[in-house]
Structures are given as structure tokens and as C-alpha cells.
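# Structural features, examined
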Amino acid sequence: MLRISVEQDCNALSFVLEGRLVGPWVDELRTVWQDRAGAREGLLLTVDLCGLTAMDTGGQHFLDELLQLGATLRCSDVMNQYLVEQM
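These lines cover the structure that appears in this document, whether it is placed above or below.

Here is what the cut-offs are and how they apply
- Residues numbered from 1 in each chain as written.
- Predicted model: local features only at pLDDT ≥ 70, side-chain atom pairs only at ≥ 80, totals over all residues.
- Heavy atoms only, no water.
- Helix = DSSP H or I, 4+ residues; strand = E, 2+ residues; numbered from the N terminus.
- Buried < 20%, exposed > 50% of the residue type's maximum accessible area, 1.4 Å probe, protein only.
- Contact = heavy atoms within 4.5 Å.
- Areas by Shrake-Rupley, 256 points an atom, 1.4 Å probe, with all protein chains shown as cover.
- Expected span 1.5 Å × (residues − 1).
- Polar contact = N/O pair within 3.5 Å; in protein donor to acceptor, adjacent residues only side chain to side chain.
- Core = buried A, V, L, I, M, F, W, Y, C linked by side-chain atoms within 4.5 Å.
- Phe/Tyr/Trp six-rings, centres within 6.5 Å; stacked < 30°, edge-to-face > 60°.

### A look at the overall build of the protein chain
Within the protein chain, the regular secondary structure consists of 3 helices and 4 strands. Ordered by position in the sequence, the α and β elements of the protein chain form the string β-β-α-β-α-β-α. Across the 87 residues of the protein chain, 38% fall into the buried class. At a minimum sequence separation of 6, the contacts of the protein chain that also span at least 24 residues come to 65%. Counting every atom, the protein chain has about 5100 Å² of accessible surface; 49% of that belongs to carbon and sulfur.

Here it is in C-alpha cells:
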């Protein structure tokens, strides 16, 4: 299960992930990301990984795509930091 919360203010758009970024949940995140395409223009983009408990290679590849698009990844624990560093 993956919970995706979207938080927006006048300067930033954040995607807060909680749970497992694996299998079909990667596609769900992609869909939410694409649905917000118009809202992302000119905003600071952040993907908050603090609540992530697992991630597969598909999740890693998609997060890498988001990095290439200018998003910042936020993480708090050692495991999430390690996964981000590996990308």
C-alpha cells in the first residue's frame, strides 16, 4: 500500500509518500504526478520519502526521473538516504 498526499502553497508542490513504492504503486505515483503537470509550473518540487518503508527498482527509476525533472527528494532515515544516494 502507498499513500500519496499532495501539498501545495504559492511557492512549492510536495508529494508526500507513505508506505511501499513498489509494483503498481509506482504507476499510481506516476499518474498522480502527471495529473498535477499544470500545477507544477514554476513551483519548487519536493518528494518527501520520510514515510517510505520499501522501494523496488521501478520506484527507484521513477524517483530518478523526478530528480532529472528538477524535483528534490527529502528523506530522514538512514535507509532512505542510502537509497537516494545510490540513485
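From this point on, the discussion continues.
### A closer look at helix H2 (residues 57-68)
Look at H2: 16 Å from first C-alpha to last across 12 residues, which is about the 16 Å you get at 1.5 Å a residue. Among the structural elements, strand S2 (12-21), helix H1 (24-35), strand S3 (44-55) and strand S4 (72-74) are those in contact with the buried residues of H2. By the N-cap criterion, in which a side-chain oxygen at the helix start approaches the backbone nitrogen of a residue two or three places on, H2 is capped by Asp56, the distance to Gly58 being 3.1 Å. Taken from the residues just after H2, Gly70 is the one with a positive phi, measuring 105 degrees.

### A closer look at the nonpolar core
Leu17, Leu21, Val47, Leu49 and Leu63 are the most contacted members of the largest nonpolar core, which totals 21 residues. At the level of elements, S2, H1, S3 and H2 are the ones that each hand at least two residues to this core. The biggest single contributor to this core is S3, with 5 residues. Every residue in contact with Val47, bar those within four places of it in the chain, is listed here: Phe15, Leu17, Leu63, Leu66, Ala71, Thr72, Leu73 and Arg74.

### Some remarks on the packing of aromatic side chains
In total, this model carries 1 aromatic pair according to the counting rule given. A ring pair is formed by Phe15 and Trp33, whose centres lie 4.9 Å apart and whose planes are at 45 degrees; its orientation type is tilted. Placement of the pair is Phe15 in strand S2 and Trp33 in helix H1, with a sequence separation of 18 residues. Residue Phe15 is classed as buried on the basis of its relative accessible area, which comes to 1%. The class for Trp33 is buried, based on a relative accessible area of 4%.

Any link to function would need more than the numbers given here.
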